[in-house]
Number of protein chains: 4
Amino acid sequence: MPQPTVSFIGLGLMGRPMCHNVLKAGFPLVVWNRTASRADSLVAAGARLAASPKEAAAAADILITIVSDPPALEEVLWGSDPKSGGAFASLKKGATYMDSSSVSPALARKIAQASAARGIGFLDAPVTGGTWGAEKGELLFMIGGEAADLEAARPVLSAMGKKIFHLGPNGAGQTIKLAMNLLLALEVDAFAEALALVTGAGFAGEKLTEVMQASMARSGVLDVKAPVMLKGDYTPSFPLRLMHKDLSLALDLGNQIGVPLPATAAARETYSSVKGSSKEDLDYAAVFKFWKK
Amino acid sequence: MPQPTVSFIGLGLMGRPMCHNVLKAGFPLVVWNRTASRADSLVAAGARLAASPKEAAAAADILITIVSDPPALEEVLWGSDPKSGGAFASLKKGATYMDSSSVSPALARKIAQASAARGIGFLDAPVTGGTWGAEKGELLFMIGGEAADLEAARPVLSAMGKKIFHLGPNGAGQTIKLAMNLLLALEVDAFAEALALVTGAGFAGEKLTEVMQASMARSGVLDVKAPVMLKGDYTPSFPLRLMHKDLSLALDLGNQIGVPLPATAAARETYSSVKGSSKEDLDYAAVFKFWKK
Amino acid sequence: MPQPTVSFIGLGLMGRPMCHNVLKAGFPLVVWNRTASRADSLVAAGARLAASPKEAAAAADILITIVSDPPALEEVLWGSDPKSGGAFASLKKGATYMDSSSVSPALARKIAQASAARGIGFLDAPVTGGTWGAEKGELLFMIGGEAADLEAARPVLSAMGKKIFHLGPNGAGQTIKLAMNLLLALEVDAFAEALALVTGAGFAGEKLTEVMQASMARSGVLDVKAPVMLKGDYTPSFPLRLMHKDLSLALDLGNQIGVPLPATAAARETYSSVKGSSKEDLDYAAVFKFWKK
Amino acid sequence: MPQPTVSFIGLGLMGRPMCHNVLKAGFPLVVWNRTASRADSLVAAGARLAASPKEAAAAADILITIVSDPPALEEVLWGSDPKSGGAFASLKKGATYMDSSSVSPALARKIAQASAARGIGFLDAPVTGGTWGAEKGELLFMIGGEAADLEAARPVLSAMGKKIFHLGPNGAGQTIKLAMNLLLALEVDAFAEALALVTGAGFAGEKLTEVMQASMARSGVLDVKAPVMLKGDYTPSFPLRLMHKDLSLALDLGNQIGVPLPATAAARETYSSVKGSSKEDLDYAAVFKFWKK
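Thresholds, definitions, all that
Residues numbered from 1 in each chain as written. Chains lettered and ligands numbered in written order. Predicted model: local features only at pLDDT ≥ 70, side-chain atom pairs only at ≥ 80, totals over all residues. Heavy atoms only, no water. Helix = DSSP H or I, 4+ residues; strand = E, 2+ residues; numbered from the N terminus. Rg over C-alpha atoms; globule rule 2.2 N^0.38 Å. Buried < 20%, exposed > 50% of the residue type's maximum accessible area, 1.4 Å probe, protein only. Contact = heavy atoms within 4.5 Å. Polar contact = N/O pair within 3.5 Å; in protein donor to acceptor, adjacent residues only side chain to side chain. Nonpolar A, V, L, I, M, F, W, Y, C, P; charged D, E, K, R; others polar. Phe/Tyr/Trp six-rings, centres within 6.5 Å; stacked < 30°, edge-to-face > 60°. Least-squares fit on C-alpha atoms with pLDDT ≥ 70 in both. Salt bridge = Lys/Arg side-chain N within 4 Å of Asp/Glu carboxyl O. Pairing = 2+ DSSP bridges. Domains from an automatic or database assignment. Buried area = accessible area lost by both parts, 1.4 Å probe. Axes fitted to C-alpha atoms, helices over the stretch in contact; angles between N-to-C directions. Parallel < 35°, antiparallel > 145°, perpendicular 65-115°, else oblique.

## Things to note about the overall build of chain A
Step number 1: Check the secondary structure of chain A and you find 11 helices and 9 strands.
Step number 2: Over its C-alpha atoms chain A spans a radius of gyration of 20 Å, differing by no more than 12% from the 19 Å that the globule rule assigns to 293 residues.
Step number 3: For the C-alpha atoms alone, the extent of chain A along its principal axes is close to 65 × 45 × 35 Å.
Step number 4: Evaluated residue by residue, chain A yields a buried proportion of 61% over its 293 residues.
Step number 5: In chain A, the proportion of contacts linking residues at least 24 apart, taken out of those at least 6 apart, comes to 65%.

## Overview of the interface of chain D and chain C
Reports of interface size often rely on the accessible area that becomes lost once the parts have come together.
Step number 1: Counting residues at the interface gives 66 residues for chain D, matched by 67 residues for chain C.
Step number 2: Applying the counting criterion to the chain D and chain C interface returns 16 residue pairs in polar contact (both at pLDDT 80 or more).
Step number 3: Sorting elements by how many residues they give to the side of chain D that touches chain C places helix 7 (residues 172–200) of chain D first, with 19 residues.
Step number 4: Tallied by class, residues from the side of chain D that touches chain C come to 42 nonpolar, 15 polar and 9 charged.

## What about the packing of aromatic side chains?
Step number 1: Across all of its chains, the model carries 22 aromatic pairs over all chains by this definition.
Step number 2: Summarising the aromatic geometry, the rings of Phe290(A) and Phe290(D) are spaced 6.3 Å apart at their centres and angled 65° between planes, so their arrangement reads as edge-to-face. In this pair, Phe290(A) is assigned in the segment after helix 11 (262–277) and Phe290(D) in the segment after helix 11 (262–277), connecting two distinct chains.
Step number 3: Between Phe290(B) and Trp291(B) the ring centres are 4.8 Å apart and the planes differ by 80°, which places this aromatic pair in the edge-to-face class. There is no split in this pair, since Phe290(B) and Trp291(B) are both buried.
Step number 4: Joined through ring pairs, the aromatic side chains of Phe288(A), Phe290(A), Trp291(A), Phe288(D), Phe290(D) and Trp291(D) make up one cluster.

## Notes on the relation of the copies chain B and chain A
Between the two copies of the chain lies a relationship made up of a rotation around an axis and a movement along it.
Step number 1: The two copies are related by a screw motion: chain B maps onto chain A through a turn of 180° and a shift of 0.0 Å along the axis, at an RMSD of 0.0 Å. The superposition of one copy onto the other is thereby described by a two-fold rotation axis. When C-alpha distances to the rotation axis are compared across chain B, the minimum falls at Ser219(B), with a value of 2.0 Å.
Step number 2: The share of interface residues of chain B whose copies in chain A are also at the interface is 99%, consistent with both copies meeting through the same surface.

## What to know about the relation of the copies chain D and chain C
Step number 1: Laying chain D over chain C is done by rotating through 180° and shifting 0.0 Å along the axis; what remains is an RMSD of 0.0 Å.
Step number 2: A shared binding surface is used by both copies, with 100% of the interface residues of chain D retained as interface residues in chain C.

## Comments concerning the pattern of salt bridges
Step number 1: All chains considered together, the criterion is met by 36 salt bridges over all chains.
Step number 2: As a salt-bridge pair, Glu55(B) and Arg48(B) come within 3.0 Å of each other at their nearest N and O atoms.
Step number 3: The exposure class of Arg48(B) is partly exposed, given its relative accessible area of 40%.
Step number 4: A salt bridge links Glu269(D) to Arg268(D); the shortest N-O distance between them is 3.4 Å. Residues Glu269(D) and Arg268(D) agree in their burial class; the two are buried.

## Some words on the pairing of strand 1 (residues 6–9) of chain A
Remark: a regular strand shows side chains that alternate across the two faces of the sheet.
All names here are of chain A.
Step number 1: Because side chains alternate across strand 1, one face comprises the buried residues Val-6 and Phe-8, and the other comprises Ser-7 and Ile-9, equally buried.
Step number 2: For strand 1 and strand 4 (residues 62–65), the ladder comprises 4 bridges, and the chain directions are parallel. Within strand 4, the position partnered with Ser-7 by the bridge is Leu-63.
Step number 3: Two elements, strand 1 and strand 2 (residues 29–32), share 4 bridges in a ladder whose sense is parallel.

## Quick word on the domain arrangement of chain A
Residues and elements named next belong to chain A.
Step number 1: By domain assignment, chain A separates into domain 1 (6–169) and domain 2 (175–291).
Step number 2: Spacing between the C-alpha centres of domain 1 and domain 2 amounts to 28 Å.
Step number 3: Contacts between domain 1 and domain 2 engage 15 residues on the former and 16 residues on the latter.
Step number 4: Summed over both partners, the interface of domain 1 with domain 2 buries about 1200 Å², with 66% contributed by carbon and sulfur atoms.
Step number 5: Linking domain 1 with domain 2 are 0 salt bridges.
Step number 6: In this assembly, domain 1 and domain 2 are joined by 4 residue pairs in polar contact (both at pLDDT 80 or more).
Step number 7: Looking at side-chain class alone, the side of domain 1 that touches domain 2 contains 9 nonpolar, 5 polar and 1 charged residues.

## Points about the packing of helix 11 (residues 262–277) of chain C against helix 11 of chain D
Step number 1: Where helix 11 of chain C meets helix 11 of chain D, the closest approach of the two axes is 8 Å, and the angle between their N-to-C directions is 170°. Relative to helix 11 of chain D, helix 11 of chain C is oriented roughly antiparallel. In contact with Pro262(C), Ala263(C), Ala266(C) and Thr270(C) of helix 11 of chain C, helix 11 of chain D contributes Pro262(D), Ala263(D), Ala266(D) and Thr270(D).
Step number 2: A breakdown of the residues in the contact of helix 11 of chain C with helix 11 of chain D according to their chemical character gives 6 nonpolar, 2 polar and no charged.

Right under this line is the structure:
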């Protein structure tokens, strides 16, 4: 039985390494990206470059998208410009479509409805990073959708990620992704507040870090971000503007369903302040700059 | 060379097990507690029960206090009631005094000044819990004070805790302790917000926990508190009223030195709300009740 | 010279009385509303009921829209359903279009661009209520756009409102409207917090109100809302769900431009909490229910 | 019948003009202030300068204190230094004591208890400013205590203030004063957020002020502070450090009784940030500097 053809739209910081893993696992791969040159290493490794999202989608048994925000996803799927949009209409019946962007659960459900109407299986399937030890740096997939569609996608998912969590119907993946990023953003902001307090009181931030790493407060993300804040080198690993966007999506969801999120709301304004006063693209650990302006 | 006599004031959740470790290490031990019956197991193990804080302090080569809040500490040290106060005046010159309560850095420095004037060595030495693996459940000491005083206390400290961090001059221990509890309280509150969002949106909180535990957001304290929130069994391990007090001390410090702490301020009000609407003494993981009223 | 024909889309709490004033001033008036029966009193007074937004817009020398939120406005202007959308395309060249809904400044600018391309003059023209004395209850218009377009609309504006503020180019009206609603929402939330503190401490809320009304803190909106909170009768004058929406638009704007709004963010979550736990449609003074759950 | 002797401790921005009004009303007046030279104009107008708080209190039929914060009040009343403390012990039985400082309700009740034990009538009697029109700039007294004590003090109160509100038993005056300052501080902070949003979006702050002053959001305090923020001239009328202190007292009270105050908590951190980054003593309208750093 031949391997299904995988099409992949969005070759950013996350997308490109995921594609290399898909190729390594032996799947035929078609790719598309707004800036075509980002596909070079993949084409060299055997991928085919599509001329448009439509062409990529038309070729797919399994389509994967991972773009920067909800408007970018809507443009790729339904946009009227044939060079950058319209992928959804050219998906074939029976295909599986899996979106790994971070978008609102409402958009995930809108795609799910449109997919159901066309006989396409849809999974919302955003990702997060694994923690210590064996899984460090590995991707975890948070899946919303039907079990049958997950089974269709599982071989490809397994090529890209270490763990696959089936969390519920469509929307569950994006909801838990937003909750996870809320948690990561608040852990980092909490450490920034703790560090601002200690250094503002005249003591060494390194000492706080040392105690934190031996304590119950230690977390995977703080192992990585605490040294970044102490050094002040904010080369983006996960850009602050994307974390700020995800906090905004989490707050939008909370406000739609009437669930107050007071600490998230406070932290989002702190991230916003740093976003507003920074010219470069910074890692989200740069939230600490709020106290260093 | 004989072992120094250790006197210990405050036999609460933390104090009593610390005392048992002091005894196990072979130090002569004198204890005092407002409710004397809490000393029974220690007396049975060889400790001497003092009739007053003054008597305990007078016997000490090394005095240790661990009481619930700043007013309680001031009462024990300087209170005029001979049955419950006045310990400080009866300390002998050359003694070492170590306070492991959580109090303001300002109070730690006030004690340090008074100690210096009397030829007593003083350490602010609050504690926090260790993290995974070998150190799980072990105490970590966060020390402010002079190196010579730390060396005098080290044998006793080593009997009680796994790690001893010398963080700077007097006040450093309490400052970093407040920063650590700010961090722990915000990690727990952040998870509570994430859980409220996920369950409010109609998905299973267990799924969030499962993903969290495989992710970069995993932390020592969340390993313990996430299951507590899912079950809703808030038997106090560390009482919410004490965590609320420590958040208040952290905010007081930030406000004295003009360091804004927006997320901490938001979280403190959430803890306050739960404190105000709860009759029983709950663990601080009960902050999740804010969304379950 | 004949009076210009005015078309009006949206006959809600604000729209209907505005229309009656337009009629009284002698303008020919065409109206449309999703629920047609809300036009009855206007038809009785001489207005013509259009069958669709398109028909209303086609008849207009001056078109006015006032609908509940940005999606509703986009639907009326550009929606593809001929019964409820598509008004914009049927506007004639040289017409003046004025939107009095509360929407994002970005949407106001998008309409302005589309209007300029078609030779239509556009004003963003949201409203707020006047204060004490002579102006009490009168409408104030906050205008963004070009002076010439304002002059074309001024006779109709003067029929509907007491004061007309020309605030800058397109977007200025909506920006200042969002800032005004932020201010009103925070004044009301501030009084709710003050009232919760006083009554929580066991004193009479009436006493706080009495002092407030003689003090520098007295404001037009609190004169109206303080008695409402004391009585707990939250029949909507301005619905909480709309104030919550406007706070969300203000926060979205702040977050786009990187201006942190910490108190607004905190208050928005409080409004969200009440929105989430209320079944009926309540006035925004019901924010006080946050403390009465 | 001779006029009662009034003694007055604390000749600051509020105290000195109050004293001049007491003299004008014909009461014998004894004054004390830490910096004695601040009494010069009062001595010239007929007041007697006491050498110590004790001497001032001993001479009083009615004692009034108005000092900067709770520790300053405790020092004046109970401090052991005979030059600056110990006033309380020298009050005579049957005297009336009235404190117009802003302190915690708990401290007001502590003074009330001590007074009752000694046969002294005590009123907590903080002040706030009156609003528009006839009362503009006049003082309002917020009184907690017994009616009989209020009647004893009324002639002196009437000499100093326009309105006297009897709000309940001891503690009521201070509780409602804290609620009033919470309200004033939040109104000013709300306008600062609105102004930051409007100017950050590129529009003129003067336009916002103009609309505000015609709208329901207009308040007595904003009439005064909005122009101050536009000009950026923060000569203290009411210093930010004192408003910050009163917000802290309001939050302390809320946290003691478990009443969450989310917007107040957010605003307090904003005031704290400006306090921390300012060298001079600024008016509390300078909270707007948070966005101008």
